[in-house]
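# Tertiary structure, described
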Amino acid sequence: MKTDSTPTHTAVAPESLSTQLQYQTGSTGIQSLVMEGADLNALADQFGTPLYVYSAQHIIDAYQAYAQACEGLADATICYAVKANSNIHILALLAQQGAGFDIVSAGELARILAAGGNPAKAVFAGVGKTSDEIRFALEKGVGCFNVESEQEMARIANVAQSMGVKAKVSLRVNPDVDAKTHPYISTGLKENKFGVSMEAAPQVYRFAHQSPWLEVHGVDCHIGSQLTDASPYFDALDRVLALLDQLSAEGIEINHLDLGGGIGIRYLDETPPSPKDVLPALIAKVKTWAQAKGRSMPTLSFEPGRSIVGNSGVLLTEVQFIKQNGDKNFAIVDAAMNDLMRPAMYQAFHGVAELQKDAAKPSQLVDLVGPVCESGDWLARNRNLHIEQGDRLAILSAGAYGQTMASNYNSRGRCAEVLITQGQARLIRTRETIEDQLRNEIGL
Ligand SMILES: *Cc1c(COP(=O)(O)O)cnc(C)c1O
């Protein structure tokens, strides 16, 4: 993954990240950044900053790229990974497109229900599901549990038995392939907490196969996030298919493969593979295998998150002060690490673009930092920007793992969110007030 360490970065052209982002030149010669035709500076006037803004068309197009890559395949499901961006308006938009959902908590299940999503098309992943979460998921008819340990398998069997129902399960296996991404978002290596090793998997399947309260549905494999090279997917698939052969020899037949998410996006100059490069080749590989073994073609699902929403969104922010300390210039903006955690957490790189680009203004080399009392509170480093106090900026590629990772650190309220649909802006989350924050602190 690109980390924003020290070199001076040239600006990232917003147009290179999404076809929905463009500069339009006005009569004064000033260029305005627009999303789906909506002027982002006008949205900052209307709704205030910091503000997340998303393009519905970008999300639809990104989802359809997956759906079309699966065309002709019976019962393929694209399960959008809710944790990337869980606003219920975005979930509703994806539900309308036919998406299923990948969820990791009872809260995310409640969100897809609120959004009108179909729980039968949801898969429930995560290493630490509680009994209460499992019961809630069984009550609501979640399609499948992606199970991450033998103890969890036993817990699901216990809860299902207490309810007198049978739970559908897939085992999340850890194929021990290196996704060559940032260590914090790599999940497919042996030393990660995720999934069950290939060696341990048959034992867990035997347990599930024998339980009257479990129905073995499939196998699940998600190897990491922000993958910019497709080869780890094929290595992982080889290992998963070998496991299926081994299980088949024991009489455990698996007819569903969930191949996870993880396709990367462009933040700076990455050239990640597109779903139409990767999915048809994975599907062909499974087909060839099934034919060679004389089996029916398994059903397939995928769990993309970042590649659906990442470049649909920007975070708008306003320059409060420009300050010089030693040799460094800091642009202190009204967005911070509590709004967008990725730079502080992974040293992640995000492009930055002026909302009103005025070439007449001198450019300066700045670090973009927030008001939070942490040296780790920076959003971008060493950028040449034409800015003055009061100007607005867009932090690019902020649609995934932005608002969902936001916190109230420093008692800052979380941002408002706006969704643009065919050029029309709609507030889809109000700005969090101090009353919202104090509501749960009872009894003083
Ligand atoms: C986070 C996650 C995803 C989505 O990953 P992206 O990189 O956003 O596509 C899919 N599956 C599981 C199990 C996850 O934890």
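Just above sits the structure.
In this text, all values refer to a predicted model and were calculated from it rather than measured experimentally.

## Considerations on the environment of glutamine 422
- The topology assignment puts glutamine 422 in the loop between strand S21 (416-421) and strand S22 (424-429).
- Through-space distance from the C-alpha of glutamine 422 to that of alanine 201 is 48 Å; in sequence the pair is 221 residues apart.

## A word on the packing of aromatic side chains
- Scanning all chains against the criterion turns up three aromatic pairs.
- Seen in terms of ring centroids, tyrosine 80 and phenylalanine 101 are 6.5 Å apart; in terms of plane orientation they differ by 80°. Their pairing is edge-to-face. One end of the pair, tyrosine 80, is in strand S5 (residues 77-81); the other, phenylalanine 101, is in strand S6 (residues 100-103), and 21 residues separate them in sequence. By the burial criterion, tyrosine 80 is buried, and phenylalanine 101 matches it.
- Positioned above the aromatic ring of phenylalanine 124, the side-chain terminus of lysine 129 is 5.6 Å from the ring centre.
- Lying over the aromatic face of tryptophan 378, arginine 381 brings its terminal NZ or CZ to 3.9 Å of the ring centre.

## Describing the site of the ligand
- Contacts to the ligand come from 13 residues, most closely from Lys83, Ser225, Glu303, Arg306 and Tyr401.
- Within the complex, the protein chains bury 94% of what would otherwise be the 390 Å² of accessible surface of the ligand.
- Of the residues contributing to the shell around the ligand, the split by class is three nonpolar, five polar and five charged.

## Details of the packing of helix H6 (residues 150-163) against helix H7 (residues 201-210)
- Their axes nearest at 10 Å, the elements H6 and H7 cross at an angle of 10°. On the basis of their axis angle, the class for H6 and H7 is roughly parallel. From H6, Glu150, Met153 and Ala154 reach across to H7, where they touch Gln203, Val204, Phe207 and Ala208.
- Split by residue class, the contact of H6 with H7 holds five nonpolar, one polar and one charged.

## Concerning helix H4 (residues 106-114)
- Within H4, burial applies to Ala106, Glu108, Leu109 and Ile112. With its buried residues spanning 160° around the axis, H4 presents them on a single face.
- Of the surrounding elements, those touching the buried residues of H4 are helix H3 (88-96), S6, strand S7 (122-124) and helix H5 (131-140).

The rules behind these values
Residues numbered from 1 in each chain as written. Predicted model: local features only at pLDDT ≥ 70, side-chain atom pairs only at ≥ 80, totals over all residues. Heavy atoms only, no water. Helix = DSSP H or I, 4+ residues; strand = E, 2+ residues; numbered from the N terminus. Phe/Tyr/Trp six-rings, centres within 6.5 Å; stacked < 30°, edge-to-face > 60°. Buried < 20%, exposed > 50% of the residue type's maximum accessible area, 1.4 Å probe, protein only. Lys NZ or Arg CZ within 6 Å of the ring centre and 35° of its normal. Near = heavy atom within 4 Å. Areas by Shrake-Rupley, 256 points an atom, 1.4 Å probe, with all protein chains shown as cover. Nonpolar A, V, L, I, M, F, W, Y, C, P; charged D, E, K, R; others polar. Axes fitted to C-alpha atoms, helices over the stretch in contact; angles between N-to-C directions. Parallel < 35°, antiparallel > 145°, perpendicular 65-115°, else oblique. Contact = heavy atoms within 4.5 Å. Arc of directions from axis to C-beta.

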